[in-house]
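# Structural characterization, general
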Amino acid sequence: MTFKITRRGALLTSLAAFAMGSLPATAQDYPSKPITLVVSYAAGGGTDAIARVFAARLETALGGRVIVENRPGAAANIGTEVVADADPDGYTLLIGNQGPMVVNPHLFDLPKDPAETLEPIALIADAALVVVVGPKLPVKTMAEFLEAAKAGELVYGSAGNASASHLGALLLGQKAGIAVKHVPYKGAGPAVNDLVGGHIDFMVTTIPSAIGLVQDGTLTALAVTGPERFSTLPDVPTAIEAGVPDYTASAWYGLVGPKGLPPEISAKLAAATAETLADPEILSKLQNDGAIPSTLAGADFGAFMAAERARWGEVVKAADIKIE
Amino acid sequence: MWDMIANLGLGLSVALTLKNVALCFVGCLIGTLVGVLPGVGPVATIAILLPVTLSLDPTGALIMLAGIYYGAQYGGSTTAILVNIPGEATAVVTALDGHAMAKNGQAGLALGLAAIGSFIAGTIATVVIAALGVPMTRMGLLFGPAEYFSLMVMGLVLAVVLSRGSILKAVAMIVVGILLSCIGADMETGRERLTLGLHMLHDGIEFVVLAMGIFGFGEIFKNLADPEARDVVKAKIGRLWPTMRELRENLAPMLRGTALGSILGVLPGNGAILGPFASYAVEKRLSKTPEKFGTGMPAAVAGPESANNAGAQTSFIPLLTLGLPPNAVMALMVGAMMIQGIVPGPQVIERNPELFWGLVASMWIGNLMLVIINLPLIGLWVKLLQVPYRLLFPAIVAFCCIGLFSISNDPAQIVMAVIFGLIGYALWKLDFELAPLALGFVLGRLLEEKLRQALIISDGNPLTFVTSPLSASLLVVAVVALAIAVSPKAQKSREDVFKDA
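What you see is a predicted model, and the numbers here were worked out from it, not measured in a lab. (Residues numbered from 1 in each chain as written. Chains lettered and ligands numbered in written order. Predicted model: local features only at pLDDT ≥ 70, side-chain atom pairs only at ≥ 80, totals over all residues. Heavy atoms only, no water.)

Okay, the interface of chain A and chain B next. A common way to report how large an interface is uses the accessible area buried once the components associate. Between chain A and chain B, the contact holds 44 residues from the first and 44 residues from the second. Broken down residue by residue, the surface that chain A buries against chain B is led by A:Lys186, A:Asn193 and A:His199, which jointly contribute 14%. At the surface where chain A touches chain B, the tally comes to 2 salt bridges. A salt bridge links A:Lys186 to B:Glu449, with the nearest nitrogen and oxygen atoms 3.8 Å apart. Run the count over chain A and chain B and you get 9 residue pairs in polar contact (both at pLDDT 80 or more). When residues of the side of chain A that touches chain B are assigned to their parent elements, the largest contribution, 6 residues, is made by helix 9 (residues 207-216) of chain A. Of the residues that constitute the side of chain A that touches chain B, the class distribution is 18 nonpolar, 13 polar and 13 charged. (Contact = heavy atoms within 4.5 Å. Buried area = accessible area lost by both parts, 1.4 Å probe. Salt bridge = Lys/Arg side-chain N within 4 Å of Asp/Glu carboxyl O. Polar contact = N/O pair within 3.5 Å; in protein donor to acceptor, adjacent residues only side chain to side chain. Helix = DSSP H or I, 4+ residues; strand = E, 2+ residues; numbered from the N terminus. Nonpolar A, V, L, I, M, F, W, Y, C, P; charged D, E, K, R; others polar.)

Structure below.
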């Protein structure tokens with residue numbers, strides 16, 4: 001359903017809001033004021049870019065304003081806390097991704113456990129990673145890569161401690177039974193730069209950060225880490241096809257709100273998210289970002305997060321990277 | 001050669017369409033504005049405007065966003081010169097002699113030289129991108145963690161050369177700067193260091209918070225404590241335009257600054273910030289009157305400003321030739337390209353020549369526009385100095401607070417900046433210089449990051465810094481420069497300054 005804002009309508013709405021005072025919001029008049037969508041990262045990052053594109057289209061689907069607010073800091077835990085502390089009225093929501101939602105609980109002693117203080121609304125998108133090598137390690141296939149890794153410890157760069165590119169490579173090492181050495185960078189850009197410059201051996205990085213250089217032949221993509229091949233890299237096998245059993249890793253983004261969100265509002269938001277993700281324009285933008293839109297919502301999304309949390313917990317434990 | 005001219009011709013034909021000229025103008029204007037406003041940087045501006053660019057074609061969108069970036073560099077120097085608030089690391093150097101010139105009644109000259117130097121640097125850098133983009137990319141790739149670390153060591157030596165007073169005090173300030181840069185989560189283990197358990201310190205201190213605190217708020221405390229000193233600024237306005245002779249005298253610093261800025265701008269991880277510092281050190285070394293540096297030398301504004309602008313422009317090279325962003329603004333440009341469906345990478349030049357060359361050509365047009373926007377404004381800016389301070393300083397404070405709050409929508413940043421303001425004021429009272437502190441802070445992060453990366457890669461073997469020829473030669477230069485700086489002759493010129501002061 002669409003919601004047209006007329007002058008009389010707006011007047012009536014505001015009068016109604018005034019008359020109702022502090023009555024709890026109902027799904028019918030939701031949203032009657034701007035929604036704040038919290039992003040736990042600084043303006044300009046990958047999550048921020050997705051959030052802004054998503055929010056712009058969500059406004060149309062919901063018929064109300066959606067304002068992106070950046071609350072970066074403390075390994076994205078600040079944003080989580082802000083939303084966990086907010087009123088569960090549907091006017092403060094969070095773009096949650098796997099870092100703060102399922103990895104950080106294993107690394108930090110968090111005052112607010114995201115699984116207990118946040119309500120899953122809908123998974124937005126899931127972005128597979130890609131295993132790439134540069135001029136320092138001129139192998140062409142995953143088999144050659146594993147061979148080289150057995151001959152000597154390989155060095156990989158990541159976008160930072162506990163980032164998807166760090167954990168993705170850790171898990172690759174664990175699943176393939178090879179020893180790998182971690183060099184953290186500040187963001188994927190400088191790490192890819194050193195990969196191209198031949199200072200490090202490999203990376204497990206987001207598809208957009210490397211795809212241009214892969215298509216050009218500067219870097220070689222050995223495998224994508226999703227369950228299926230990626231449409232713009234059709235010749236690159238999945239890691240499982242390439243001989244690393246049971247290895248998948250991805251960076252995902254979802255919509256979550258404070259615990260206790262009225263189910264009708266949650267359902268309305270999930271429907272609006274589904275409508276947004278069905279828009280071909282949004283679809284192609286997500287694809288450019290290496291992401292596949294998701295259909296998981298509500299409890300299914302919650303179950304997905306729980307499974308991810310358990311899985312990455314094992315990786316963190318095996319690598320012993322907990323922060324005290 | 002002919003190829004390049006043909007390519008630039010194609011670029012100009014794209015950039016000179018009415019729509020693209022208008023977008024370039026809008027970008028430059030917004031950029032100037034966010035640059036002038038203390039604390040509001042190009043990163044936040046571009047991030048917020050990114051969705052707006054969806055409705056534009058890719059070339060137009062990038063032309064506008066690029067305009068915001070170099071426009072902000074331009075505007076930033078205005079604030080640094082007039083009110084001593086460097087909003088970006090690169091403007092710290094401009095503030096040194098630029099603000100001193102404003103106090104001497106030469107604000108117009110300082111602003112004029114900054115604008116003209118930036119224009120010359122922008123023009124040359126445009127040609128450099130067109131002619132040398134690919135070889136310079138290769139040069140940038142030679143810098144791995146070990147080479148980068150040695151470059152940063154050289155940068156720290158520059159910080160010593162930069163200082164005017166006691167070497168011991170300068171070194172102390174550099175060390176404090178480095179220590180401040182260590183605050184926050186450890187990059188490798190994630191463990192918190194020096195955070196006092198405070199959430200807001202987990203990710204370290206933002207440079208803007210430090211700069212606005214020690215320079216911006218510190219300056220305000222200074223002026224409020226000493227009303228006579230600032231009335232002097234008010235009384236003297238002086239000429240607005242540089243004379244031909246002054247331009248001639250400053251042409252060589254501008255060209256040297258351009259060369260240094262162009263080279264350092266290509267380096268990944270914000271190597272461009274070293275450009276203005278290197279230019280300042282070079283000019284001081286070459287100057288017949290090095291003791292006057294810090295008291296308002298025109299060459300100390302013209303050189304670093306040119307380096308700043310040249311670096312801002314050549315930092316587009318890794319983005320355009322490899323699709324690799326060397327800094328946060330360039331990362332946003334990658335985002336803008338992705339949103340438009342263009343995959344950044346080496347193939348952009350071949351697949352989208354009109355975008356590549358159009359953007360390059362637009363940079364030159366943008367620089368011309370910035371001169372046209374800014375030169376008439378100089379008179380207006382200088383008049384700002386005549387506004388009674390009791391009216392001016394609340395406005396500065398208000399703008400600073402807006403900028404600080406917008407960093408992470410958190411009032412804690414403002415509190416932190418005020419604390420730094422008090423520290424800055426105390427250090428000034430005790431005759432400590434603040435520029436080495438700022439440089440130590442900026443370089444400290446890179447220094448630690450690169451040191452640790454290099455040592456992880458080399459399995460902890462420190463020989464990695466001397467087995468690489470590039471790294472070894474940088475270290476040699478650093479040692480020689482340090483030796484010259486602490487030599488008796490240089491010491492003497494320092495003491496002379498001390499007597500004057």
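Okay, back to it.
Residue and element names in this part refer to chain A. Along its sequence, chain A is carved into domain 1 (7-127 + 251-319) and domain 2 (128-224). One C-alpha centre belongs to domain 1, the other to domain 2; they are set 31 Å apart. On the side of domain 2, 11 residues touch domain 1, which itself brings 15 residues to the contact. In total, domain 1 and domain 2 occlude about 960 Å² of area from one another, counting both sides; carbon and sulfur atoms represent 74% of this. The largest contributions to the domain 1 side of the interface with domain 2 come from Ala127, Trp312 and Val315, which together make up 38% of the buried area. Our count for the contact surface shared by domain 1 and domain 2 stands at 0 salt bridges. Summed over the shared surface of domain 1 and domain 2, the number is 1 residue pair in polar contact (both at pLDDT 80 or more). Broken down by element, the residue count for the side of domain 1 that touches domain 2 peaks at 6 residues, all from helix 12 (residues 298-319). Of the residues belonging to the side of domain 1 that touches domain 2, the class tally is 9 nonpolar, 3 polar and 3 charged. (Domains from an automatic or database assignment.)

The next point concerns the packing of helix 11 (residues 244-265) of chain B against helix 13 (residues 299-314) of chain B. All names here are of chain B. Direction vectors running N to C along helix 11 and helix 13 enclose 30°, while the axes themselves pass 7 Å from each other. It follows that helix 11 is roughly parallel to helix 13 by the angle criterion. Read as a crossing pair, helix 11 and helix 13 show a hand that is right-handed. Residue-level inspection shows Asn250, Pro253, Met254, Gly257, Thr258, Gly261, Ser262 and Gly265 of helix 11 in contact with helix 13, the latter providing Ala299, Ala302, Gly303, Ser306, Ala307, Ala310, Gly311 and Thr314. (Axes fitted to C-alpha atoms, helices over the stretch in contact; angles between N-to-C directions. Parallel < 35°, antiparallel > 145°, perpendicular 65-115°, else oblique. Left-handed = near helix turned anticlockwise from the far one by under 90°.)

Attention shifts here to the confidence of the model for chain B. Within chain B, residue pLDDT values average 86, and 94% of them lie at 70 or more. Overall, residues 497-501 of chain B carries pLDDT values under 50, and its contacts beyond four positions in sequence, including any with other chains, amount to 4 contacts. (pLDDT = per-residue confidence, 0-100.)

Taken as a whole and assessed by the stated rule, the structure comprises 23 salt bridges over all chains. A salt bridge links A:Arg311 to A:Glu308, with the shortest nitrogen-to-oxygen separation between them at 3.4 Å. One end of the pair, A:Arg311, and the other, A:Glu308, are both in helix 12, 3 residues apart, so they sit about a helical turn from each other. Judged by relative accessible area, which is 25%, A:Arg311 ranks as partly exposed. As a salt-bridge pair, B:Asp57 and B:Lys19 come within 2.6 Å of each other at their nearest N and O atoms. With B:Asp57 in the loop between helix 3 (42-49) and helix 4 (58-83) and B:Lys19 in helix 2 (residues 18-36), this residue pair connects regions lying 38 residues apart in the sequence. Residue classification places B:Asp57 among the partly exposed positions, given a relative accessible area of 28%. (Buried < 20%, exposed > 50% of the residue type's maximum accessible area, 1.4 Å probe, protein only.)

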